[in-house]
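Tertiary structure, described
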Amino acid sequence: MLDIRHLKVAYGITEVLRDVSFQVPAGSIVALLGGNGSGKTTMLNTLTGLVRPVSGSITFEGAECAGLPPHGFVRRGICQVPQGREVWPSMSVNDNLELGAATRRDWAGIRSDLDEVYAMFPKLTVHRRRQAGSLSGGEQQMVAIGRALMARPRCLLMDEPSAGLAPAIVGDMVDTILALNRRGLTILLVEQNIGVAAAVAEYAHILQGGEIAFSGPAAGLIDNPAVLRSYLGR
Amino acid sequence: MNLFGRRNVLLALFALAAIAPHFVNTYHLFVCNLILVYVLLSIGLNILVGYAGQLAFANAAMFGIGAYGTGLLQVHFGLPFWLAFPLGAVIATSVGLAISLPALRVSGLYLALSSLAFAQFTQWVFLHWEKVTFGAGGFKTPTVSFAPLPVSKPIGLYYLTLILAAVLFLLAQNLVRSRIGRAFVAVRDGEVAAESLGIDLLRYKALAFGLSGFYAGIAGGIYSAMLNFVSPEGYDLFQMVLQKAMVVVGGLGSVAGSVLGAGAIVALLEALREVKGIQEIAFGAILVVFILFMPGGLVGFLKRKVPGWEEPLHRKGAGSAPAPAAAPAPAAGEARP
C-alpha cells in the first residue's frame, strides 16, 4: 500500500536518510524503531510532505506522492498524528476535531465521522467544549488521534504515541492502535518504546544512522540480542 | 443574554455612534471619524496578528497605500472619489496578497523584520518618487461631494465610515467564527500541526494578509478624504505602533476587542493633548501598565469580569455545524474517493 524506495533526505549538506526502502502492506501495522537522531521523525515528515526528499520515491496505492505538498498527502489518504500531540491548545476539543477535516467538503460525512470519533473516545464527549490545552496528556493524545481520523485517512502515521504518557495509559494506547487497525486502517508506528511496538506491530524496521539496520517480525524483537545491542546499545 | 453582554454593549456603541453627529462639534466629529478609521485598521490587523498569528508590521504601509492609491487616482487620472476609493482598497489588498508570499517562508521575528523592511521601502517610495507621489510635502486631494444627499462632507464621510465599519465588523465577526477563522487559529497555535493535517498554509496566510490589506486600504481611502491631504508621515512606524497598541490593548484574537482598543487609544491620545510635551511618555507608560496588568487586553478583562461576554469561534446556535457557505471553493482536482 505504502511503498518507499531508495529514499534520500538531507537538510542542507547533512544527510539524514541515506537509502531507505520499506513497505507498509495494506491493513498491517508496521513499526519503525530507532534511537535518537536515527531519522525516524524525518522519515514521517517526508511521508507527510513536510520535508521533500532529495531522491527516491514514495508510492501510495500505486500513485507517486514524493514532492506533493502536505495537504496533497492528506487528500491522498495519509495522515499523521504528530509527535508530542500538537493539539491546538486554545481551541475546543470539538474545533480541533473538526479542523482535522480541513481538506474535506462532504459535510454529512464529516458529521458522522465526528460522531464516530466521539463514540470511539467517549471521554472526549464530556470535554468537547473544553480547551484542548487543558486536557491531560492521554486525553490530548485522543484528540490528536481523533483529529487525524477526521481527515478519513487510509494510512495513519503515528509518531511516538506513547511518549510522555503515564505507564497505565500506555496500555490504553496499545488497545486504541489495535482497534484502529481492526477498523481497516493501515498504520505506520514510529516508537522509542520497543514494548509498545512489539505489542502491536506485525513487522518492524530499525533505523540507524539514516539506514534500515534491521527488518523482521516485531514479536521477536525483544528476544533478539543483536537488535537490542544495535538499537538500545546493550 | 446578559444585559452587559458583548452584543448589547456593541449595539449600544453603534447606536451612540449613529446619533453622535447631532451632539458634537466639528472637531469632535473628526475624532469620532478617526476612531472609526482605526476600528477598520485594527480589525484588519487583528485578523492577521491576533487570529492568524502573523507578526507583520506592514499594516501602516498598506494604510498608506490605500490613502495614496485613492488620492493619486483622483489627482493623476481625474477619477471621482467613488471610483478611486474602491480601487485604492483593491490596490492595498493586492499588495497584502503579494507580501503574504515571503510570509510563507519566514515567520516570527524574521517576518516582523521583512515586513518592517517592506514598510520602510513604502515610505521611501512615498518620499522619493516625487513625480508620482509629490514627495515629502504630500498633496491635496479634491473634496469629496455627497452631492445628491443633503449632507455636509464631514457628516457624509462620518456616516460612510460608520456603515463600512459596521459591515466590515460583521464580516470579520462571521469570518472568525467560520471554518476559515478556526483554520487561522490553527495556523497560529501550531503551524506544523496545521500543515501536516492538511491545512493549506499558502491559502490561509494569503487570505489573512489580503484581508488585512483590504481593511487597511478602505481605512486609508477614507482617511485621505477626511484630511483632503496625503503625506508620507501619516503612514510611518509610529502609525504602526499605534495600530499594534490598539490590537494589544483591545485584545488579540477578538474582533470586538479591536473596536474597544481603537476607541480607547484614540480617546487616550486626544485626552493626552492636555499634557502637551509629555504626551508620548504618558502614552508609553499607559501602554506598559496595560501590558503588565491586563495581558489579555480589554476583552480579556471583560471575559473574566462580565458574565455573558464571550468570544466564540462559532456562530450562535450553530454549535459546531460546519459553514459551507463561508468555506472557500474546493480546489480543482480535490475530489475524494
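Fair warning: this is a prediction, and the values are worked out from it, not measured in the lab. Throughout this description, residue numbers start from 1 for each chain and increase along the sequence as written. To label them, take the chains in the order written and letter them from A, then take the ligands in the order written and number them from 1. This being a predicted model, a pLDDT of at least 70 is required before a residue's local features are given, and a value of 80 or more before pairs of side-chain atoms are given or counted; all residues contribute to the totals for chains, interfaces and linings.

Residues and elements named next belong to chain B. Working convention: axes come from line fits to C-alpha atoms, limited for helices to the stretch in contact. Angles between N-to-C directions cover 0 to 180 degrees. Secondary structure follows DSSP: runs of H or I at least 4 residues long count as helices, runs of E at least 2 residues long count as strands, and numbering of each begins at the N terminus. Contact pair helix H2 (residues 26-51) / helix H12 (residues 255-271): the axes reach a minimum separation of 8 Å and the direction vectors enclose 140°. It follows from the interaxial angle that H2 and H12 lie oblique. The two elements H2 and H12 meet at a crossing, and its hand is right-handed. Contact residues: H2 offers Val31, Leu34, Ile35, Tyr38, Val39, Ser42, Ile43 and Asn46, while H12 offers Val255, Ser258, Val259, Gly261, Ala262, Gly263, Val266 and Glu270. Three categories are distinguished: nonpolar for Ala, Val, Leu, Ile, Met, Phe, Trp, Tyr, Cys and Pro, charged for Asp, Glu, Lys and Arg, and polar for the others, with Gly belonging to the last. Split by residue class, the contact of H2 with H12 holds 10 nonpolar, five polar and one charged. Roughly parallel means an angle under 35 degrees; roughly antiparallel means over 145; roughly perpendicular covers 65 to 115; every other angle is labelled oblique. Left-handed is the label given to a crossing in which the near helix is rotated counterclockwise from the far helix by less than a right angle, and right-handed is the label when the rotation is clockwise. Two residues qualify as a contact pair if the distance between their C-beta atoms, derived from the backbone, is within 7 Å.

For every residue, the other C-beta atoms within 10 Å of its own C-beta are counted; 20 or more classify it as buried, 12 or fewer as exposed, and values in between as partly exposed. C-beta atoms are placed from the backbone. Buried within helix H14 (residues 297-305) of chain B we find B:Gly297, B:Leu298, B:Val299 and B:Leu302. On the buried face of H14(B), the contacting elements are helix H11 (237-250) and H12 of chain B.

So, on to the sheet that holds strand E2 (residues 14-24) of chain A. Residue and element names in this part refer to chain A. Being paired, for any two strands, means DSSP has found at least two bridges between them. With antiparallel pairing, four strands are arranged side by side in an open sheet as E2-E1-E4-E5. Pairing within the sheet leaves two strands with one partner each, and these edge strands are E2 and strand E5 (63-64). One ladder, built from two bridges, connects strand E4 (residues 55-60) with E5; its direction is antiparallel. Residue pairing in the sheet places Thr59 in a bridge with Glu64 of E5. Along the sheet face, helix H1 (residues 40-47) touches strand E1 (2-11), E2 and E4 and points at about 65° away from the line of E2.

Moving on, we come to the sheet that holds strand E8 (residues 186-191) of chain A. Strand pairing in a sheet relies on backbone hydrogen bonds. The paired strands run either parallel or antiparallel. All names here are of chain A. What the six strands build is an open sheet, ordered E6-E7-E8-E3-E9-E10; its pairing is mixed. Strand pairing shows two members of the sheet lacking a second neighbour, strand E6 (78-81) and strand E10 (211-217), which therefore form its edges. Strand-to-strand twist of the sheet, defined as the mean angle between neighbouring strand axes without regard to direction, takes the value 20°. Packed onto the sheet, helix H6 (residues 137-149) meets E6 and strand E7 (155-159) and runs at close to 170° relative to E6. Packed on one face of the sheet, helix H7 (residues 167-182) meets strand E3 (29-33), E7 and E8 and runs near 155° to E8.

A separate point is the domain arrangement of chain A. Residue and element names in this part refer to chain A. Each assigned domain of chain A is listed here: domain 1 (1-77 + 155-234) and domain 2 (87-152). Opposite the 12 residues of domain 1 that make contact, domain 2 presents seven residues. Those elements that place two or more of their residues in the side of domain 1 that touches domain 2 are helix H2 (70-76) and H7. The element contributing the most residues to the side of domain 1 that touches domain 2 is H7, with four residues. Each domain span listed reflects an automatic or database assignment of domains.

Residue and element names in this part refer to chain A. Here the expected length of a helix is defined as 1.5 Å per residue gap, with one fewer gap than residues. Here H7 contains 16 residues, and its C-alpha end-to-end distance of 23 Å stays within 8% of the 22 Å for a straight helix at 1.5 Å per residue. Of the positions making up H7, those classed as buried are Met173, Ile177 and Leu180. On an axial view of H7, the arc spanned by its buried residues comes to 65°, and they lie on one face. Counted as exposed and oriented over 90 degrees from the buried face of H7: Ala168, Asp175, Ala179 and Arg182. Looking one or two places after H7, you find Gly184, whose phi comes out positive at around 105°. The arc refers to the directions leading from the helix axis to the C-beta atoms.

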